[in-house]
Amino acid sequence: MSTTLLVTGAAGFIGSNFVRYWHSSHPGDRVVGLDSLTYAGLRENLADVLDGSGGLVSLVHGDIRDRELVESLLREHRVDTVVNFAAESHNSLAILRPGDFFSTNVMGVQSLLEAARTVGVGRFHQISTCEVYGDLDLADPGAFTEDSPYLPRTPYNAAKAGGDHAVRAYGYTYDVPVTITNCSNNYGPYQFPEKVIPLFVTRALQGQELPLYASTKNRREWLHVLDHCRAVEAVLQGGRVGETYHVGSGVEADIETIADTILAELGLPGSLKTIVPDRPSHDRRYLLDSSKLRTELGWAPEIEFTDGMRSTIAWFRDNEAWWRPLIGRSPVQETAWK
């Protein structure tokens, strides 16, 4: 039986990959995308699947804070499932514009939940992040579990945590059928070139220096975006209502390793690396225990990190027409911290 999804943040990096993945894997389902089309949300990200005549994939320009609009979409399209990718997500920009992040990531989520509660949906799924837990010491042998306390350290992290709390509250108080996934750092095609991997690749392709934060050994867990899409699919199809599931690869790499990998793949010298000051509250390390998702739902990442990096670098190398117009559009420069 076919279903209809409302995917918010559908024109962003992860959202557009999810829409494309779902359309390919569930060709009979309808996907209605909603996106405010900020500097990082691009209609072009969905150009290959978008049907302007109201077909199986459509895109509405709008804000999740517009409850009247969201309610009308839920009713008009008889939406079964809401998947919320919509978020302000760049940690550096959050330091400069914290109000934008709390407005979208907390109050926007609450408005979206209220629309879902009013109209009624079969599932409300919230896309969250490992960063709500704070950070780990570089020598810590452990990982964050679904029971770890939220200890956010930056405005972005705190805003995402607030949205997650709203989701759980609506589940407990109003019986909205909610689920949450916390994911590790994503990478892959269509990622806006303000995030570290596309930033480094696009700068390297232009022969420019790669700005490494001074804490070059801080580590992140890296997950290919398509593996993330498969995880969300698994939770929507088999996840227990009210539960949270971690989505992580278990593969960690520091920023210098990322830079070296990119330069080596492109045949460029290490002299392109340069050191810039750390941004405030620069988290040291994130690592998720994803055993619950793997055990309960049988998910496992399919894209090995080396292969994923190679294919991602190749995608940016082959799609300069996509990223070249975006250079300079980000409101923050990573070399600005003093």
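The model shown is predicted, which means the values in this text are computed figures rather than measured ones.

1. Observations concerning the sheet that holds strand β3 (residues 57-61)
Point 1. With respect to topology, seven strands assemble into an open sheet ordered β3-β2-β1-β4-β5-β6-β10, the strand pairing being parallel. Of all strands in the sheet, those with a lone pairing partner are β3 and β10 (244-247), marking the two edges. Across the sheet, the axes of successive neighbouring strands diverge by a mean angle of 20°, strand direction being ignored.
Point 2. Across six bridges, strand β5 (residues 123-129) lies against strand β6 (residues 178-183) in parallel orientation. Residue Thr129 lies in a different strand from β6, and its bridge partner there is Cys183.
Point 3. Packed onto the sheet, helix α7 (residues 225-238) meets β1 (4-8), β4 (81-84), β5, β6 and β10 and runs at close to 145° relative to β5.

2. A look at the side chain of Thr216
Point 1. Following the sequence through the fold, Thr216 ends up in the loop between β8 (210-213) and β9 (219-224).
Point 2. Filtering out sequence-adjacent residues up to four positions away, Thr216 remains in contact with Asp254, Ile255, Glu256 and Ile275.

3. Some points on the pattern of salt bridges
Point 1. By the definition in use, this model includes 22 salt bridges.
Point 2. One salt bridge in this structure joins Asp135 and Arg153, with 3.8 Å as the shortest N-O distance. Pair noted here: Asp135 is in the loop between β5 and α5 (155-174) and Arg153 is in the loop between β5 and α5, with a separation of 18 residues, a long-range link.
Point 3. Given the relative accessible area of 15%, Asp135 is considered buried.
Point 4. The partly exposed category is assigned to Arg153, whose relative accessible area is 38%.
Point 5. Glu320 is paired through a salt bridge with Arg324; the nearest N and O atoms lie 2.5 Å apart.

4. Comments concerning unusual backbone geometry
Point 1. Phi is positive for Asp175, close to 60°, though the residue is something other than glycine.
Point 2. Along the polypeptide, Asp175 turns up in the loop between α5 and β6.
Point 3. In this structure, Tyr190 takes a positive phi of about 70° despite not being glycine.
Point 4. The residue Tyr190 is located in the loop between β7 (185-187) and α6 (196-205) in this model.
Point 5. A relative accessible area of 17% places Tyr190 in the buried class.

5. Structural notes on the sheet that holds strand β11 (residues 252-254)
Point 1. One open sheet holds the three strands; their spatial order is β7-β9-β11, and the pairing between them is mixed. On the outer flanks of this sheet lie β7 and β11, each paired with one strand and no other. For this sheet, the mean inter-axis angle between neighbouring strands, taken without regard to orientation, is 50°.
Point 2. One ladder, built from three bridges, connects β7 with β9; its direction is parallel. The residue bridging Tyr187 from the neighbouring strand is His224, located in β9.

6. Concerning the nonpolar core
One broad rule of soluble globular proteins: the nonpolar side chains tend to lie buried together.
Point 1. Within the largest apolar cluster, 36 residues are counted, with the highest numbers of intra-cluster contacts made by Phe200, Leu210, Ile258, Ile262, Met309 and Trp322.
Point 2. Those elements giving two or more residues to this core turn out to be α3 (91-96), α4 (98-119), α5, α6, β8, α8 (255-266), α10 (305-318) and α11 (320-323).
Point 3. Sorting elements by how many residues they give to this core places α8 first, with six residues.
Point 4. With residues near it in sequence (within four places) discarded, Trp322 still touches Leu42, Asn45, Tyr190, Gln191, Phe192, Pro193, Trp315 and Phe316.

Rules used throughout
- Residues numbered from 1 in each chain as written.
- Predicted model: local features only at pLDDT ≥ 70, side-chain atom pairs only at ≥ 80, totals over all residues.
- Heavy atoms only, no water.
- Pairing = 2+ DSSP bridges.
- Helix = DSSP H or I, 4+ residues; strand = E, 2+ residues; numbered from the N terminus.
- Axes fitted to C-alpha atoms, helices over the stretch in contact; angles between N-to-C directions.
- Contact = heavy atoms within 4.5 Å.
- Salt bridge = Lys/Arg side-chain N within 4 Å of Asp/Glu carboxyl O.
- Buried < 20%, exposed > 50% of the residue type's maximum accessible area, 1.4 Å probe, protein only.
- Core = buried A, V, L, I, M, F, W, Y, C linked by side-chain atoms within 4.5 Å.

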